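An overview of the molecular structure
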There are 4 protein chains.
Amino acid sequence: MTVHNEALRDHACLIVHGPDQPGLVAAVTGLITRHKANIVSLDQYSDNPEGGAFFQRVVFHRPNLTAAFEEIENDIAKTLEPYGMTWRLTDQSVPKRMAVLASTSDHCLLDLLWRHRRGELPVSIPMVISNHTNMAEDVRSFGIPFFHVPSQGPDKSAAEAEIVKLLAGNVDFVVLARYMQILSENFIDDVAVPVINIHHSFLPAFIGAGPYRKAKERGVKLIGATSHYVTKDLDEGPIIEQDVVRVTHADSAADLQRRGADVERAVLSRAVLWHAQDRVIRHGNHTVVF
Amino acid sequence: MTVHNEALRDHACLIVHGPDQPGLVAAVTGLITRHKANIVSLDQYSDNPEGGAFFQRVVFHRPNLTAAFEEIENDIAKTLEPYGMTWRLTDQSVPKRMAVLASTSDHCLLDLLWRHRRGELPVSIPMVISNHTNMAEDVRSFGIPFFHVPSQGPDKSAAEAEIVKLLAGNVDFVVLARYMQILSENFIDDVAVPVINIHHSFLPAFIGAGPYRKAKERGVKLIGATSHYVTKDLDEGPIIEQDVVRVTHADSAADLQRRGADVERAVLSRAVLWHAQDRVIRHGNHTVVF
Amino acid sequence: MTVHNEALRDHACLIVHGPDQPGLVAAVTGLITRHKANIVSLDQYSDNPEGGAFFQRVVFHRPNLTAAFEEIENDIAKTLEPYGMTWRLTDQSVPKRMAVLASTSDHCLLDLLWRHRRGELPVSIPMVISNHTNMAEDVRSFGIPFFHVPSQGPDKSAAEAEIVKLLAGNVDFVVLARYMQILSENFIDDVAVPVINIHHSFLPAFIGAGPYRKAKERGVKLIGATSHYVTKDLDEGPIIEQDVVRVTHADSAADLQRRGADVERAVLSRAVLWHAQDRVIRHGNHTVVF
Amino acid sequence: MTVHNEALRDHACLIVHGPDQPGLVAAVTGLITRHKANIVSLDQYSDNPEGGAFFQRVVFHRPNLTAAFEEIENDIAKTLEPYGMTWRLTDQSVPKRMAVLASTSDHCLLDLLWRHRRGELPVSIPMVISNHTNMAEDVRSFGIPFFHVPSQGPDKSAAEAEIVKLLAGNVDFVVLARYMQILSENFIDDVAVPVINIHHSFLPAFIGAGPYRKAKERGVKLIGATSHYVTKDLDEGPIIEQDVVRVTHADSAADLQRRGADVERAVLSRAVLWHAQDRVIRHGNHTVVF
């Protein structure tokens, strides 16, 4: 059973993405008018009006949306077919189902669970999966199922298969909240929903282990975090959000890690919010965030 | 003779503002399609889809814009009349004419002149007016006319009249770049174009003289600046842009002033850029910035 | 029984504050050398070397600190007496005892409890007091006592007396984590330990009820928070920390409140950390933060 | 003839740097007391009180500093000899002599010249050297000599030799204000004074040509700049200052470059100020900035 968000009842979000061409916006807005819907917000961007890529996000209000949903979808398909556009229509009152994968660190995981409880994230959280057990009690105190999938030895395929089985059909996207296992290319294929990661430190600097120690040695004056979609190029997927905090020579590597944890959880929570609101459109190796 | 910006040749910007109502976006975008124009960017916002205010900025490309300009204007008038909307259409290749009023401080004035010379600001600068003469040589070295209008004694009406006479018909907006004279309500009426101010310090804090000294005494940890349109409520007009910088107890009042000057010039230059690009729509006592 | 922090064993913090005068630093550092202690960090500031105020924070390591503590105190007293300085010596391994007062909002309270559990805050938390009961279970899940002191009717004196009784002798400072009751001057006197508050919005703007609604109406582009010591001038006490986040016209008052909650908890947690580390020295109505 | 800064008359800055050991601070402060000087500010840092490196910056006021300078230096040498410390004493009223090397870009160069003219930078500027001539008139309008040293062909040794000859004995440090020539290792040796660079973009990301285009393609959400000392490891020297600005998908590569120019000039001017004030101590490949 899906949890519904009353404030967004009868609100739909239409994402349109493809080659820019004249008449596109008029076609979409004409369509919405035809269905007696009222545009709540509209964002669009073209990376080059002459033959570039076009991106649009329209939120509209349409009384009795559920009853009309299929008809609107059919009309969109027919209207946008001549333009060769990719599109998707979502009912904004239906929260996306989000799984969280975590390890021992709590800062990103707890921040997501807490924001969800406060009503800040329009998602449902059917499960948290971890390769450790230390967060089980905390997760369950939020009323959320916790599954322990240990990941030992060099061969991770059994653990990955178990995770895929838990996720299959149950979630719309996955968040790696400081999940410290490297995922195989197969996993990304098999999970078949978007996977959002939070990268400790400012990409592409200080890749690998001990990033805060390396940052300390290098004497950086800023510490950052990057949230991105996971692709087969580990840590190189399309960036959703980034931020930094200022540090000084007086901050120890432990201080940097603490400050980094703050910026990590802030960046990840914004990336998750925007994804859940259908604000992020992927294009090649970058994103448009409306 | 107007200086034209080749990159923006045949680009028009349409601003639409008024009561939100269904069909509005479709009406505007249909109109643009009708005139064989291609939408380059479109931003819109409604502060309440049920009976709120609607704001839209559309930039479109239309070959031979100049020839078709009047016809498009007529069509916009006819199309939007039933909706009761305020609108304006501007040719983006025609830079707005900007006058700068300054006193002895150079940081905001020079930053504007330098950005203009670099091609960062789509404006022409027909004149700089100051109640002091110290900046005359600097201003003229940028090839810009400098007029000295001294402002002595309690009665400023003669000086204001002289300024209004210099500006009348020659400028599209006025920037107060740390102009340290209080302008009368009559001046605001008589000048009859938008006037942008930069306020030293974070509104509404530390109003009046010696703001940096007051901020130092209060031990603030942030120093800010606010750029706003001037209204009859001095320093209380619609905010265009704000920013802050971090300071500490070790910063003297002079340091705060120096840091403040940096944030003032940054904030003012952004406000001027956005105004020049028709990105700012005033509504009541606030702004929508697209 | 006090919880001890092993990493800070045998570390003492000396705060010296008073009229600046020649020889002061040499006197203090000579004293530390005399006691065979090693200076770990030393910060000092003088707001005017000619007759201004002097502030110093020295952290030093001294094996067997506990045994020598009283002797060092006596020597400090004797050494600083001729200079007329205020001073205090603290054992850094002894966490300060912090009480948290909260109402219904959870963001500041939970952030403090999490950080404490993660080991980020060198404090113990003997109690949380609230005029509501909704956070009782959450607080107790951290193993921290929760006391409900309802505050009804115009006369708050009974509730305040009950709070003072709970706090008396048990805590070293009090944090108002969005505690929505106005405290009387008597309370501040009776509680007799520092009280830290977090102010919703950037002081002194938007004082009173509905600050985020007022900020929305005013069209501000930044939302801030200020943490300060509580004095009899409500919300006007010495500022410890401030920060802001950027917002736009598209943010609703609810969005501003959500963004505001993030900056409030970040600012409060920094203020609490710095207070707990003896980094904040009050002087008149401002602070020196080392 | 050296230009003197009256506000800093009789102020000296002592930098001490070396192995941390007990008694060091007492030795230094005792020495200052002995010379009847008054400590204006004192900063120190130890990266590890047990056998780490010690850094100290003391500014003190000593009437008739010039007369006593040599005697104080001798006493410092004698006092610090047993500790094996590196040290230097500077008269704060004597501005450091700064040469600026530039190419065609004006933003960093002009910002330094303006700030110098405003009295914000405690330096003198005996010369600007460029491999282009476009900035000659601007530079000379500030009353500063401009030397054109063209740099053509693959062999830069003649040009470098000419620059070294111009600089030799005339400057205390060199600023590369977007100087677009790669300097040889020999040059760094021969110039024999600190060289400060501003790196376009956030190190180590997007090294090489076209950094803003690369950043655009990668879809970054932040644009940064790094100022560092030049070492033989080009662009990898000790970082003095870094900062970022937020950008979006809607910013073109040209917008990123414009925003980047703003952050570059801000970061460089802070690095130059701090170096000029003897606030930066190099240690290995990082810096301590007091």
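In this text, all values refer to a predicted model and were calculated from it rather than measured experimentally.

In this section: the overall build of chain A. A count of helices and strands for chain A gives eight helices and 13 strands. Relative to a compact globule of 290 residues, whose C-alpha radius of gyration would be 19 Å, chain A shows 21 Å and is just as compact. Considering only C-alpha atoms, chain A reaches an extent of 60 × 45 × 35 Å along its principal axes. Going through the 290 residues of chain A one by one, you find that 59% of them count as buried. A separation of at least 24 residues holds for 67% of the contacts in chain A among residues at least 6 apart in sequence. As displayed, chain A offers around 11,500 Å² of accessible surface, 52% of which is attributable to carbon and sulfur atoms. Here chain A holds 29 positive side-chain charges and 35 negative ones, and the gap between their average locations is 5 Å.

So, on to the interface of chain D and chain A. Taken together, the 32 residues of chain D in the interface contact 32 residues of chain A. Together chain D and chain A conceal approximately 2,500 Å² of surface at their shared face, both sides included; 54% is due to carbon and sulfur atoms. A per-residue breakdown of the area chain D buries against chain A is headed by Arg218, Lys221 and His249 of chain D, which together make up 28% of the total. Glu241 of chain A is the salt-bridge partner of Arg246 of chain D, the closest N and O atoms lying 3.1 Å from each other. Linking chain D with chain A are 20 residue pairs in polar contact (both at pLDDT 80 or more), by the criterion used here. Counting residues per element, the ones that place at least two in the side of chain D that touches chain A are helix 7 (211-218), strand 11 (239-246) and strand 13 (286-289) of chain D. At seven residues, strand 11 of chain D tops the list of elements feeding residues into the side of chain D that touches chain A. Residues of the side of chain D that touches chain A, tallied by class, amount to 15 nonpolar, seven polar and ten charged.

Take the sheet that holds strand 7 (residues 146-148) of chain B next. All names here are of chain B. Strand order in this open sheet of seven strands is 7-6-5-8-9-10-11, and the pairing throughout is mixed. On the outer flanks of this sheet lie strand 7 and strand 11 (239-246), each paired with one strand and no other. Across the sheet, the mean angle separating the axes of adjacent strands is 20 degrees when strand polarity is ignored. Here six bridges tie strand 5 (residues 96-102) to strand 6 (residues 123-130), and the two strands are oriented parallel to one another. Bridge assignment links Leu101 to a residue of strand 6, and that residue is Ile129. On the sheet, helix 3 (residues 107-118) packs against strand 5, strand 6, strand 8 (173-177) and strand 9 (195-200) and is oriented at approximately 155 degrees with respect to strand 6.

A few words now on the UniProt feature "domain: ACT" (unreviewed entry) in chain A. The sites that UniProt annotates as "domain: ACT" (unreviewed entry) are residues 13-87 of chain A. With 36% helix and 36% strand, residues 13-87 of chain A has end C-alpha atoms that lie 10 Å from one another.

Let's shift gears to the packing of helix 1 (residues 24-34) of chain C against helix 2 (residues 65-80) of chain C. All names here are of chain C. Orientation of helix 1 relative to helix 2, taken along the N-to-C sense of each, is 155 degrees, at an axis distance of 11 Å. For the element pair helix 1 / helix 2, the angle class is roughly antiparallel. Every pair of crossing elements has a handedness; the one defined by helix 1 and helix 2 is right-handed. Across the interface between the two elements, Leu24, Ala27, Val28, Leu31 and Arg34 from helix 1 touch Asp75, Ile76, Thr79 and Leu80 from helix 2. The class makeup of the residues in the contact of helix 1 with helix 2 is six nonpolar, one polar and two charged.

Quick look at the relation of the copies chain D and chain A now. Mapping chain D onto chain A is achieved by rotating through 180 degrees and translating by 0.1 Å along the same axis, at an RMSD of 0.1 Å. Both chain copies can therefore be described as sitting about a two-fold axis.

The subject of this paragraph is the packing of aromatic side chains. Per the counting criterion, the structure on display carries six aromatic pairs over all chains. Here Trp114 of chain A and Trp114 of chain C contribute two aromatic rings whose centre-to-centre distance is 5.9 Å and whose plane-to-plane angle is 85 degrees, an arrangement assigned as edge-to-face. One end of the pair, Trp114 of chain A, is in helix 3 (residues 107-118); the other, Trp114 of chain C, is in helix 3 (residues 107-118), on a second chain. Judged by its relative accessible area of 0%, Trp114 of chain A is buried.

A few words now on the sheet that holds strand 10 (residues 222-229) of chain C. All names here are of chain C. Spatial strand order, 7-6-5-8-9-10-11: seven strands in an open sheet with mixed pairing. Since the sheet does not close on itself, it has two edges, and those belong to strand 7 (146-148) and strand 11 (239-246), each with one partner. With direction set aside, neighbouring strand axes in the sheet form an average angle of 20 degrees. Sheet topology places strand 8 (residues 173-177) next to strand 9 (residues 195-200); three bridges connect them, and they run parallel. Considered in strand 9, the bridge of Leu176 is made with Asn197.

Turning our eyes to something else, we now look at the interface of chain A and chain B. With 18 residues of chain A at the contact, the number on the chain B side is 18 residues. Summed over both sides, the interface of chain A with chain B buries roughly 1,500 Å², with 53% coming from carbon and sulfur. At the junction of chain A with chain B, the criterion picks out zero salt bridges. Counting across the interface, chain A meets chain B through one residue pair in polar contact (both at pLDDT 80 or more). Elements supplying a minimum of two residues to the side of chain A that touches chain B: helix 1 (24-34) and strand 2 (38-46) of chain A. Here the element with the most residues in the side of chain A that touches chain B is strand 2 of chain A; it accounts for six residues. The residue makeup of the side of chain A that touches chain B, split by class, is seven nonpolar, nine polar and two charged.

What follows covers the domain arrangement of chain A. Residue and element names in this part refer to chain A. Here the domain parsing of chain A yields domain 1 (6-91) and domain 2 (96-289). Taking only C-alpha atoms into account, the centre of domain 1 sits 31 Å from that of domain 2. Domain 1 puts eleven residues into the contact, and the matching count from domain 2 is nine residues. Across the interface of domain 1 and domain 2, roughly 820 Å² is buried in total on both sides, 58% from carbon and sulfur atoms.

At an RMSD of 0.1 Å, chain A and chain B line up after a rotation of 180 degrees and a shift of 0.0 Å along the axis. Most of the interface of chain A is mirrored in chain B: 100% of its interface residues are interface residues there too.

All names here are of chain D. Two elements in contact, helix 7 and helix 8 (residues 253-276), have axes whose closest approach is 9 Å; the angle formed by their N-to-C orientations is 120 degrees. Taken together, the axes of helix 7 and helix 8 lie oblique to each other. Where helix 7 crosses over helix 8, the handedness of that crossing is right-handed. Of the residues in helix 8, those touching helix 7 at Tyr212, Arg213, Ala215 and Lys216 are Ala253, Leu256, Gln257, Gly260, Ala261 and Glu264.

Criteria and thresholds
- Starting from 1, residues in each chain are numbered consecutively following that chain's sequence as written.
- The naming scheme follows written order: chains are lettered A onward, ligands numbered 1 onward.
- Only residues with pLDDT of at least 70 are given local features in this predicted model, and only at 80 or more are side-chain atom pairs given and counted; all residues enter the totals for whole chains, interfaces and linings.
- Here the side-chain values reflect all heavy atoms present in the structure, with hydrogen atoms and water set aside.
- Secondary structure is summarised from DSSP: a helix means a run of H or I of at least four residues, a strand means a run of E of at least two, and numbering begins at the N terminus for each.
- The globule rule used here is 2.2 Å times the number of residues to the 0.38 power, and the radius of gyration it is set against is calculated over C-alpha atoms.
- For every residue, the accessible area obtained with a 1.4 Å probe (protein chains only) is divided by the maximum for its type, and the residue is called buried under 20%, exposed over 50%, and partly exposed between those limits.
- Note on contacts: a residue pair qualifies if any of its non-hydrogen atoms lie within 4.5 Å across the two residues.
- Computed by Shrake-Rupley with a 1.4 Å probe, the accessible areas treat only the displayed protein chains as cover when residues are assessed.
- Counted as positive: Lys and Arg. Counted as negative: Asp and Glu. His and the chain ends are not counted at all.
- Positions of charges follow a simple convention, taking NZ of Lys, CZ of Arg, CG of Asp or CD of Glu.
- Put simply, buried area is how much 1.4 Å-probe accessible surface two parts lose in total, over both of them, once they are put together.
- Salt bridge, as used here: a side-chain nitrogen of Lys or Arg that lies within 4 Å of a carboxyl oxygen of Asp or Glu.
- What qualifies as a polar contact is a pair of N or O atoms within 3.5 Å, subject to a donor-acceptor requirement within protein and to the restriction that residues adjacent in sequence count only when both atoms come from side chains.
- Gly is put with the polar residues, along with every residue not named as nonpolar or charged; the nonpolar set is Ala, Val, Leu, Ile, Met, Phe, Trp, Tyr, Cys and Pro, and the charged set is Asp, Glu, Lys and Arg.
- Note on pairing: DSSP must find at least two bridges between two strands before they are called paired.
- For helices, the fitted axis covers only the stretch in contact; all axes are lines through C-alpha atoms, and the angles between them, taken along N-to-C directions, range from 0 to 180 degrees.
- UniProt positions are given in the numbering used here, feature names are shortened, and annotations may be inferred rather than shown by experiment.
- In these notes the angle categories are as follows: under 35 degrees is roughly parallel, over 145 is roughly antiparallel, 65 to 115 is roughly perpendicular, and the rest is oblique.
- By convention, the crossing between two helices is left-handed when the near helix turns anticlockwise from the far helix through less than a right angle, and right-handed when the turn is clockwise.
- A least-squares superposition brings the copies together, and it is based on the C-alpha atoms of residues with pLDDT no lower than 70 in both.
- Two rings belonging to Phe, Tyr or Trp (six-membered ring only in the last case) form a pair when the distance between their centres is within 6.5 Å. Interplanar angles under 30 degrees mark stacking, angles over 60 mark edge-to-face geometry, and anything in between is tilted.
- Reported domain spans reflect what an automatic or database domain assignment gives.

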